[in-house]
There are 4 protein chains.
Amino acid sequence: MRKKEHSHEQGGRPRSELSTVAILKATIELLEENGYSALSIEAIAARAGVGKTTIYRWWSNKEYLLLDVFLRVTQSEVQFKEHASIQQNFSQLLISLTNVLSSTVGRTMLSIVAQSGPDSEIANKFYSSYLQPRRHGGKKILESAITKGEIRNNVILDLVLDMLFGPIYFRILVYKDNPSVEYIESLVDQVLEGITT
Amino acid sequence: MRKKEHSHEQGGRPRSELSTVAILKATIELLEENGYSALSIEAIAARAGVGKTTIYRWWSNKEYLLLDVFLRVTQSEVQFKEHASIQQNFSQLLISLTNVLSSTVGRTMLSIVAQSGPDSEIANKFYSSYLQPRRHGGKKILESAITKGEIRNNVILDLVLDMLFGPIYFRILVYKDNPSVEYIESLVDQVLEGITT
Amino acid sequence: MRKKEHSHEQGGRPRSELSTVAILKATIELLEENGYSALSIEAIAARAGVGKTTIYRWWSNKEYLLLDVFLRVTQSEVQFKEHASIQQNFSQLLISLTNVLSSTVGRTMLSIVAQSGPDSEIANKFYSSYLQPRRHGGKKILESAITKGEIRNNVILDLVLDMLFGPIYFRILVYKDNPSVEYIESLVDQVLEGITT
Amino acid sequence: MRKKEHSHEQGGRPRSELSTVAILKATIELLEENGYSALSIEAIAARAGVGKTTIYRWWSNKEYLLLDVFLRVTQSEVQFKEHASIQQNFSQLLISLTNVLSSTVGRTMLSIVAQSGPDSEIANKFYSSYLQPRRHGGKKILESAITKGEIRNNVILDLVLDMLFGPIYFRILVYKDNPSVEYIESLVDQVLEGITT
DNA sequence: AAATAAACGAGACGGTACGTCGAGTCTTGGG
DNA sequence: CCCAAGACTCGACGTACCGTCTCGTTTATTT
């Protein structure tokens, strides 16, 4: 489970922002250098010049630490442009997703989720904080297009979204072949082919 | 790397089939009971009534052991029926794939692949022994349909295959929601929608 | 080589005296019960209720541990009584030596030294911490007797000391027949026979 | 315990002298190269080009193998010259003893004996095959001298022998300082000093 | 200013599992 | 029946990290 929120209402030394940043920085560095399997809390603490206790005080374990790193690194907005075409909107969404997930931190985060069990809190945090917003953005694009009559109104939205997102995850996670912009555009075109009016 | 092939041409006690089977059996049992993260070579050896050395003699590490377990469990044929419809052929292919990959061993194997680096030998073995054959089966179905004129001849085969396989992997690996038969049939229908003549 | 001295000047949890004592106690117990050859660090750790790491943190290996046990057990003074006779002084020295070396810990320590190479650090520690002081005590007795004119002044001191100590070690180490008080007194008498004026 | 005698009366392949010699040779070589603690049956078998089984068929363990090596290497006679002086007889006896025991094999054998328990079969074999004969030789020298009236007839023979042998073992085993010829001659002189008429 | 209180670095602690080594045994085929 | 080869079970090795636990110290807020 995740660490209890520490409030700081009645006295005591406040949490050190310096340490926090050093820890996150060390985590990313060591991850890039040696990969997730070789990543140890002890090494992070040493590199960050921090006691192990400080890490455990704020994060329950490596996975929560990685989740935090991931979320801090990828705090970009999900924007949806009303005036752009469906293709453009989807391409932009998927390209930004690909950029994030094909980074070292992104791939690591994905593989943690893949590793985790069905009701894992970490996976749920990842869904609600990262995945759902992007998926919701995709849904908005589709609904807007249906309203405009550009897309058939009898399509199963979740299925269509899976056809758009699924191949991206698949190529990154399983095939280790990060999708190019051309790939993404072809994918969007091909999916739209089957659902346009 | 993988263990060197041990030949048994001149002399020496032959490899014990009994031990081999006991190891594989113990691995599956412990995996089902406690999950991959709690799976240790020591526990496998103890459960199998086998020395640790015997495990390390034949498998470099847990991952190769799991790969071996996976491949022995899933040695089914990829059949392709000429007379069945494209829908039927694809549905059958994806249903069988889903059954395998959503099992405990299957999901574990997938997450090992997800965890592994880009040029991992383990991932390559998994591709060539399991993934490629299924994908090749899918390609054959498509090509046959193109020859029959049922599918447009300007579609990008690999992309279409990604649209079929991708969502399956995605739901199993990331969403932990194993695809139902209905889901798979809808998926096949929706993909075909965009590529039929 | 021996473990580096750990100081505890700035920070860190201090070394646990409880664990240290438990380890030394367990070592002695297991040694008495099963002998040195059956003595394992794992068993000591288990018996002492201590992690193996804690043992390895403070002692490089079984031999240093045994040396430490030996020295803590045998921290007796080497006293030399001016008013007693040479015979009495030597008998007392050799009896106390025999008592120590014919104990389980003592014999074990001796056999470790016997086993060790010519420039072994462990043997040197044993010499300087235990052997040399007793030998020095013997030398003092001889020199005092020479001054008093009771012993010829042309004897080779080291040789005489070897004639006193050698038989003791020999009987304990090789013949496994611990010298009795009578044996020691006869030995002292016989040696003195050849060197008195 | 020691290996049962293998008779070779009713057929079967006879014991290979070649293998036996190769094993003994390999044992000595590896002992000289790396010391006793690093000496393993596996290494001996490999160096000798011999199966481990062959070693275990004829020797119960490393210690018996070493004993065998020792006895084969030191199969010299204990001669006693009637016409030589007591000094000369003892010096010769102790010098030859020193030469044997200060060799690598000799020191190893001694330390095995030192290590062993009080009723160890290996130690007993060593006594009866090697030590007792030399000691008996020493006793004969003393008795002959008493008969001749050169030595007092009230000395305790075993004690005198201990005073001669003890220092030698002591210096080799504990002090790792092999006695020189001069040392031995001084020792013999000093001991005789106390027992001559 | 003093007292309180929490966070900090350091690092020792009990554990678990690792991957390796060697012991002594067993099982082949071959001499 | 011996032998080389080599796989077997078993037990211990010494190492790496885990997550927890003291320490003495530092940095705030509250009295």
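Shown above is the structure to which this text applies.
About the cut-offs
- Residues numbered from 1 in each chain as written.
- Chains lettered and ligands numbered in written order.
- Predicted model: local features only at pLDDT ≥ 70, side-chain atom pairs only at ≥ 80, totals over all residues.
- Heavy atoms only, no water.
- Contact = heavy atoms within 4.5 Å.
- Buried area = accessible area lost by both parts, 1.4 Å probe.
- Salt bridge = Lys/Arg side-chain N within 4 Å of Asp/Glu carboxyl O.
- Polar contact = N/O pair within 3.5 Å; in protein donor to acceptor, adjacent residues only side chain to side chain.
- Helix = DSSP H or I, 4+ residues; strand = E, 2+ residues; numbered from the N terminus.
- Near = heavy atom within 4 Å.
- Nonpolar A, V, L, I, M, F, W, Y, C, P; charged D, E, K, R; others polar.

A. Quick look at the interface of chain C and chain D. Across the boundary between the two partners, chain C contributes 36 residues, which contact 35 residues of chain D. Together chain C and chain D conceal approximately 3200 Å² of surface at their shared face, both sides included; 64% is due to carbon and sulfur atoms. Per-residue buried area on chain C facing chain D is highest for C:Tyr175, C:Lys176 and C:Gln190; these three make up 19% of the total on that side. At the surface where chain C touches chain D, the tally comes to three salt bridges. A salt bridge links D:Arg152 to C:Glu193; its shortest N-O distance comes to 4.0 Å. The tally of links between chain C and chain D comes to 18 residue pairs in polar contact (both at pLDDT 80 or more). When residues in the side of chain C that touches chain D are grouped by element, the largest group, nine residues, is from helix α8 (residues 157-173) of chain C.

B. Representation of the protein's contact with DNA strand E. Around DNA strand E, the surrounding shell holds 45 residues, and the nearest of these are A:Thr54, B:Tyr56, C:Thr53, C:Thr54 and D:Lys52. Measuring from a phosphate oxygen of DNA strand E, one finds a side-chain N or O atom of B:Tyr56 at 2.4 Å. D:Glu42 has a polar backbone atom sitting 3.4 Å from a phosphate oxygen of DNA strand E. At the level of secondary structure, the elements contributing two or more residues to the surface near DNA strand E comprise α3 (52-58) of chain A, α2 (41-48) and α3 (52-58) of chain B, α3 (52-58) of chain C together with α2 (41-48) and α3 (52-58) of chain D. Looking at side-chain class alone, the surface near DNA strand E contains nine nonpolar, 23 polar and 13 charged residues.

C. Local environment of the interface of chain B and chain A. Contact with chain B, which involves 35 residues of that partner, is made by 36 residues of chain A. For the pairing of chain B and chain A, the buried interface totals around 3200 Å² over both sides, and the portion due to carbon and sulfur atoms is 64%. Viewed at the interface, chain A and chain B are joined by two salt bridges. The salt bridge partner of B:Arg171 is A:Asp162, with a shortest N-O separation of 2.3 Å. At the surface where chain B touches chain A, the tally comes to 17 residue pairs in polar contact (both at pLDDT 80 or more). Put simply, the parts of the chain that give the side of chain B that touches chain A at least two residues each are α6 (104-115), α7 (121-147), α8 (157-173) and α9 (181-193) of chain B. Per-element tally for the side of chain B that touches chain A: the top contributor is α8(B), with nine residues. Looking at the side of chain B that touches chain A residue by residue, the classes come out as 20 nonpolar, nine polar and six charged.

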